[in-house]
Amino acid sequence: MKIYKNTGIADFLDRFESRRNEDVQDVEISVRQILQKVRQEGDKALIEYAKKFDNVDLEKIGIKVPWEQLKAAHESLDKELLHVLQQSRKNIERFHQKGLPQSWISWEENGVALGQKVSPLERVGVYVPGGRAAYPSSLLMGVVPAQVAGVEEIVITTPSDADGHVNSTILAAAYELGIESVFRIGGAHAIAALAYGTNSVPQVDKIVGPGNIYVATAKKMLYGQCSIDMVAGPSEVLIIADKTAHPAYTAADLLAQAEHDPLASSILVTDSQEFAEKVEKQVIAQTKLLPRKEIIEQSLKEYGAIIVAESMTQCVELCNRLAPEHLGIHVADPWNLLGEIKNAGAIFLGPYSPEAVGDYWAGPNHVLPTNGSARFFSPLRTEDFLKVSSIISYTKEGIQKNGDKIMLFANNEGLQAHANSIKVRKEN
């Protein structure tokens, strides 16, 4: 990892932030063609794209994974790993139950009632990545809050290998959660199938879950056809650290992010040159021992950095500017710094809160805003699987008291029929 200081910081930030504005016109053209074909041809297009992109014959083995395979995967899963999945599920469930909105009614003067009715979405699609690695943890993070919200039907799509095999832990996790509809399709065509529906894949109200640039682009293009959680990009971590931090811990957290993908970003911001140099040495030493060494080195070369800032204030300013997906705070008193953080997807406080705790165990969702979108997006939450209807119950007395004001407002907008709907009630 390269250490940046003074004028070099601006050069790195300009290059780093430019990737958020990359021209994806070619991707959009390709995705648009895929969406149109799936919409017109349904399963036929899914079979064609599965053959083209994954070299798998879904016409022969079927698009949907048989329930018996889910059950078999669950029965054959290592019992210790199964127990871990079950405990992780409980932690995720417990956390997301705390954010469950409620319906409410407020009784106002003159018998007027105002409120909201909270209802779960009927059917949701969860996309589970399966490219460079399979992520059963993402299945838990997508499914469990939907179940907490009361979603009736949850559909899973995830890529298979050339033989049509889906990661067995993903299948076991689906069975454990009571999911019966798992489809072995990935990429933009999987998103299209969920949004439009085909003979095999049911149409959903919302699509959640991370994916590559084709998946993200498809979700963005289909927003409005159905709802989506967010438009996600490559994963990222930023760590704010002072001289009291542990260099080995900090380096390990940077490497944990870098192993995801060559496009992943790992950035350390510190006010200590000495600490920066210690972390740089730890990064080199630990990388040599890791099996995904090539991916890590490529990621760190392109999008990794150790930035030496002039002060902790500048460290915080850089964090809020970059709005990272994951933020680690490795300082003497992390709670004291928390109030200054405005933009971050998930915040990990102190030396014993590595990102892995959040990814697998703690309970908060690991589907997080990326590419600086933590400025306006939030992590996946229970609320994302709910919709709210406003409740308005006015009375004769309420109309008599406020009708003239409502008519004035409506007439000002040139909507006389709106005003008349009040007038006829006042006169009769």
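Calculation rules
Residues numbered from 1 in each chain as written. Predicted model: local features only at pLDDT ≥ 70, side-chain atom pairs only at ≥ 80, totals over all residues. Heavy atoms only, no water. Helix = DSSP H or I, 4+ residues; strand = E, 2+ residues; numbered from the N terminus. Buried < 20%, exposed > 50% of the residue type's maximum accessible area, 1.4 Å probe, protein only. Contact = heavy atoms within 4.5 Å. Areas by Shrake-Rupley, 256 points an atom, 1.4 Å probe, with all protein chains shown as cover. Phe/Tyr/Trp six-rings, centres within 6.5 Å; stacked < 30°, edge-to-face > 60°. Pairing = 2+ DSSP bridges. Axes fitted to C-alpha atoms, helices over the stretch in contact; angles between N-to-C directions. Arc of directions from axis to C-beta. Patch = residues over 30% accessible without salt bridge, like charges linked within 9 Å, V, L, I, M, F, W, Y side chains within 5 Å. Salt bridge = Lys/Arg side-chain N within 4 Å of Asp/Glu carboxyl O.

**Here's the deal with the overall build of the protein**
So, point 1. For the protein, the count of helices and strands is 18 helices and 14 strands.
So, point 2. Across its three principal directions, the C-alpha atoms of the protein cover 85 × 60 × 45 Å.
So, point 3. A total of 428 residues make up the protein; the buried ones form 49% of that total.
So, point 4. Counted over contacts in the protein with a minimum sequence separation of 6, partners at least 24 positions apart contribute 75%.
So, point 5. Of the roughly 21,200 Å² of accessible surface on the protein, 49% is carried by carbon and sulfur atoms.

**Considerations on the packing of aromatic side chains**
So, point 1. For the coordinates displayed, the defined rule picks out 6 aromatic pairs.
So, point 2. Their ring planes at 35° and their centres at 5.0 Å tell us that Tyr4 and Phe12 sit as a pair that is tilted. Side by side, Tyr4 and Phe12 carry an identical accessibility label, which is buried.
So, point 3. Note on Phe376 and Phe377: the rings are 5.2 Å apart at their centroids and 55° apart in plane angle, and the pair reads as tilted.
So, point 4. Overall, the relative accessible area of 52% leaves Phe376 in the exposed class.
So, point 5. Among the aromatic residues, those joined into a ring-pair cluster are Tyr4, Phe12 and Phe16.

**Some details on the environment of Tyr49**
So, point 1. With respect to the element layout, Tyr49 can be found in helix H3 (residues 43-54).
So, point 2. Those residues in contact with Tyr49 that lie beyond four places of it in its chain are Gln33, Ile34, Lys37, Val38, Asp54 and His189.

**A closer look at the sheet that holds strand S10 (residues 265-270)**
So, point 1. Taken together, 6 strands build an open sheet; the order of strands is S1-S11-S10-S9-S12-S13 and the sheet is parallel. Because the sheet does not close on itself, it has two edges, and the strands there are strand S1 (3-5) and strand S13 (346-349). Pairs of neighbouring strands in the sheet enclose a mean axial angle of 20°, with direction left out of account.
So, point 2. Of the pairings in the sheet, the one linking strand S12 (residues 326-330) to S13 comprises 4 bridges and is parallel in character. Within the sheet, the bridge partner assigned to His326 lies in S13 and is Ala346.

**A word on helix H5 (residues 67-76)**
So, point 1. For H5, every residue scored as buried is listed here: Leu70, Ala73 and His74. Buried residues of H5, viewed axially, fall in a sector of 100°; they line one side. Looking at H5, the residues exposed on the side facing more than 90 degrees away from the buried face are Glu68, Glu75 and Ser76.
So, point 2. Looking at the packing, one finds that the buried side of H5 touches helix H6 (79-97), helix H8 (168-176) and strand S6 (181-183).

**Some details on a nonpolar patch on the surface**
So, point 1. A contiguous nonpolar surface patch, about 420 Å² in accessible area, is contributed by Leu81, Val84, Val357, Tyr360 and Trp361.
So, point 2. Counting residues per element, the ones that place at least two in the nonpolar patch are H6 and helix H16 (355-360).
So, point 3. By secondary structure assignment, the location of Val357 is in helix H16.

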